[in-house]
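Structural description and commentary
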Amino acid sequence: MWYEGEHTLIPWWEYFLGVVLSAYREFEQRVGTLTLSRGSKRDIVFDVVARLPNQFQYADVELACPGVSRPTINRALAEM
């Protein structure tokens, strides 16, 4: 019992560290897709289109680029 000094925090500590590690991995994955340089959203569209099949729909690009506006997608596709 904890009041007798016979407790151990190791199981809780391992669980807690697992949750924190999982959160950091997800955070790193999400932040890794963001870039801050000028024209980076256009480059995101270029990368997405390069990975899509030869025939794709506009909605496919929109789904793959949630942070990119429609006008930016249109400009990038026109530039291609």
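Computed from a predicted model, the values in this text were never measured in an experiment. (Residues numbered from 1 in each chain as written. Predicted model: local features only at pLDDT ≥ 70, side-chain atom pairs only at ≥ 80, totals over all residues. Heavy atoms only, no water.)

The relation between two aromatic rings is expressed through the spacing of the ring centres and the mutual angle of the planes. Evaluated as defined, the whole model comprises 3 aromatic pairs. Taking the centre distance of 5.1 Å and the plane angle of 10° together, the rings of tryptophan 12 and phenylalanine 16 count as stacked. Note that tryptophan 12 and phenylalanine 16 are positioned in helix α1 (residues 10-32) at a spacing of 4 residues, about one turn of the helix. Classification of phenylalanine 16 as partly exposed rests on a relative accessible area of 35%. Members of the aromatic cluster, connected to one another through ring pairs, are Trp12, Trp13 and Phe16. (Phe/Tyr/Trp six-rings, centres within 6.5 Å; stacked < 30°, edge-to-face > 60°. Helix = DSSP H or I, 4+ residues; strand = E, 2+ residues; numbered from the N terminus. Buried < 20%, exposed > 50% of the residue type's maximum accessible area, 1.4 Å probe, protein only.)

Ranked by size, the top nonpolar core spans 8 residues in total: Val45, Val48, Val49, Val61, Cys65, Val68, Ile73 and Ala76. Of all elements in the fold, only α2 (40-51) and α4 (70-79) reach the threshold of two or more residues within this core. Looking at which element gives the most residues to this core, the answer is α2, with 3 residues. In contact with isoleucine 73, other than residues within four places in its own chain, are Val45, Tyr58, Val61, Glu62 and Val68. (Core = buried A, V, L, I, M, F, W, Y, C linked by side-chain atoms within 4.5 Å. Contact = heavy atoms within 4.5 Å.)

What follows concerns the confidence of the model for the chain. On average, residues of the chain carry a pLDDT of 86, and 88% of them reach 70 or more. Mean pLDDT in the chain bottoms out at α1, which sits at 89, and peaks at α4, which reaches 93. (pLDDT = per-residue confidence, 0-100.)

The next subject is α4. For α4, the complete set of buried residues consists of Thr72, Ile73 and Ala76. Within α4, the buried residues cover an arc of 100° as seen down the axis, which keeps them to one side. Among the exposed residues of α4, those pointing more than 90 degrees away from its buried face are Arg70, Arg75 and Ala78. The elements touched by buried residues of α4 are α2 and α3 (58-64). (Arc of directions from axis to C-beta.)

What follows deals with the pattern of salt bridges. Think of it this way: side chains of opposite charge can pair up when their charged atoms draw near. Going through the model one piece at a time under the given rule, you end up with 3 salt bridges. Linking arginine 42 and aspartate 43 is a salt bridge whose minimum nitrogen-to-oxygen distance equals 3.4 Å. Across the pair glutamate 79 and arginine 42 runs a salt bridge whose closest N-O atoms are separated by 3.4 Å. Taken together, the residues glutamate 79 in helix α4 and arginine 42 in helix α2 connect sequence positions 37 residues apart. In this structure arginine 42 comes out as partly exposed when scored by relative accessible area, which is 33%. Taken together, the shared-partner salt bridges in this structure form one network comprising Arg42, Asp43 and Glu79. (Salt bridge = Lys/Arg side-chain N within 4 Å of Asp/Glu carboxyl O.)

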